[in-house]
Amino acid sequence: KKKQIKKQLVQLNDKEKKTVSELAVDAGADFIKTSTGFSFSGATEEDVKLIRKTVGSDMGIKASGGIKTLTDLKILVKAGANRIGTSNAISIINE
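Read on for a plain summary of the structure. Please read all numbers here as calculations on a predicted model, not as lab measurements.

1. Considering the nonpolar core
In this structure, Ile32, Val48, Ile61, Ala63 and Leu76 are the most contacted members of the largest nonpolar core, which totals 18 residues. Secondary structure elements with two or more residues in this core: α1 (14-26), α2 (45-55), β3 (60-64) and α3 (70-79). Of the residues forming this core, the biggest block, 3 residues, is contributed by α2.

2. Section: the environment of threonine 44
Mapped onto the secondary structure, threonine 44 falls in the loop between β2 (31-33) and α2. For threonine 44, a relative accessible area of 27% puts it in the partly exposed group. Separated by 22 residues in sequence, threonine 44 and glycine 66 place their C-alpha atoms 8.5 Å apart. A distance of 3.0 Å separates a polar side-chain atom of threonine 44 from the backbone nitrogen of aspartate 47.

3. Quick look at α1
For α1, built from 13 residues, the straight-helix expectation of 18 Å at 1.5 Å per residue is met to within 8% by its first-to-last C-alpha distance of 18 Å. Those residues of α1 that sit buried are Lys17, Val20, Ser21 and Ala24. Across the axial projection of α1, the buried residues extend over an arc of 100°, all falling on one side. Those residues of α1 that are exposed and angled more than 90 degrees off the buried face are Lys15 and Asp26. Where α1 starts, the residue carrying a side-chain oxygen 3.0 Å from the main-chain nitrogen of lysine 15 turns out to be asparagine 13.

4. As for the pattern of salt bridges
For the structure shown, the criterion picks out 3 salt bridges. Taking the shortest distance from any N to any O, the salt bridge between aspartate 14 and lysine 17 comes out at 3.9 Å. On the criterion of helical spacing, the pair formed by aspartate 14 and lysine 17 is a turn pair, its members being 3 residues apart in helix α1. The partner of lysine 17 in a salt bridge is aspartate 47, with the nearest N and O atoms 2.6 Å apart. Of this pair, lysine 17 sits in helix α1 while aspartate 47 sits in helix α2, and the two are 30 residues apart along the sequence. Each of the two residues, lysine 17 as well as aspartate 47, counts as buried. The structure contains a network of salt bridges with shared partners spanning Asp14, Lys17 and Asp47.

Cut-off values and rules
Residues numbered from 1 in each chain as written. Predicted model: local features only at pLDDT ≥ 70, side-chain atom pairs only at ≥ 80, totals over all residues. Heavy atoms only, no water. Core = buried A, V, L, I, M, F, W, Y, C linked by side-chain atoms within 4.5 Å. Buried < 20%, exposed > 50% of the residue type's maximum accessible area, 1.4 Å probe, protein only. Helix = DSSP H or I, 4+ residues; strand = E, 2+ residues; numbered from the N terminus. Polar contact = N/O pair within 3.5 Å; in protein donor to acceptor, adjacent residues only side chain to side chain. Expected span 1.5 Å × (residues − 1). Arc of directions from axis to C-beta. Salt bridge = Lys/Arg side-chain N within 4 Å of Asp/Glu carboxyl O.

Next up, the structure:
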């Protein structure tokens with residue numbers, strides 16, 4: 001069974017984001033998620049890069065929140081996300 005720890009990283013500073021990411025690794029999580037998409041902002045390229053640098057290549061990163069275009073998606077995947085959460089999937093597919 002996969003483990004998943006969810007935390008609203010967008011509400012934390014970079015030091016806290018790094019700490020939470022390290023805790024997720026220590027807890028044996030398979031994925032870390034940037035946000036639920038229901039906060040004041042969503043996934044950012046900078047956050048995904050910071051998380052990826054912290055957790056390494058073995059843990060998955062799900063970028064969620066504010067992903068509206070194919071360009072947004074590509075930026076986050078290039079930054080290190082390997083799963084995307086968006087309510088705009090149909091419009092992104094149609095781009």
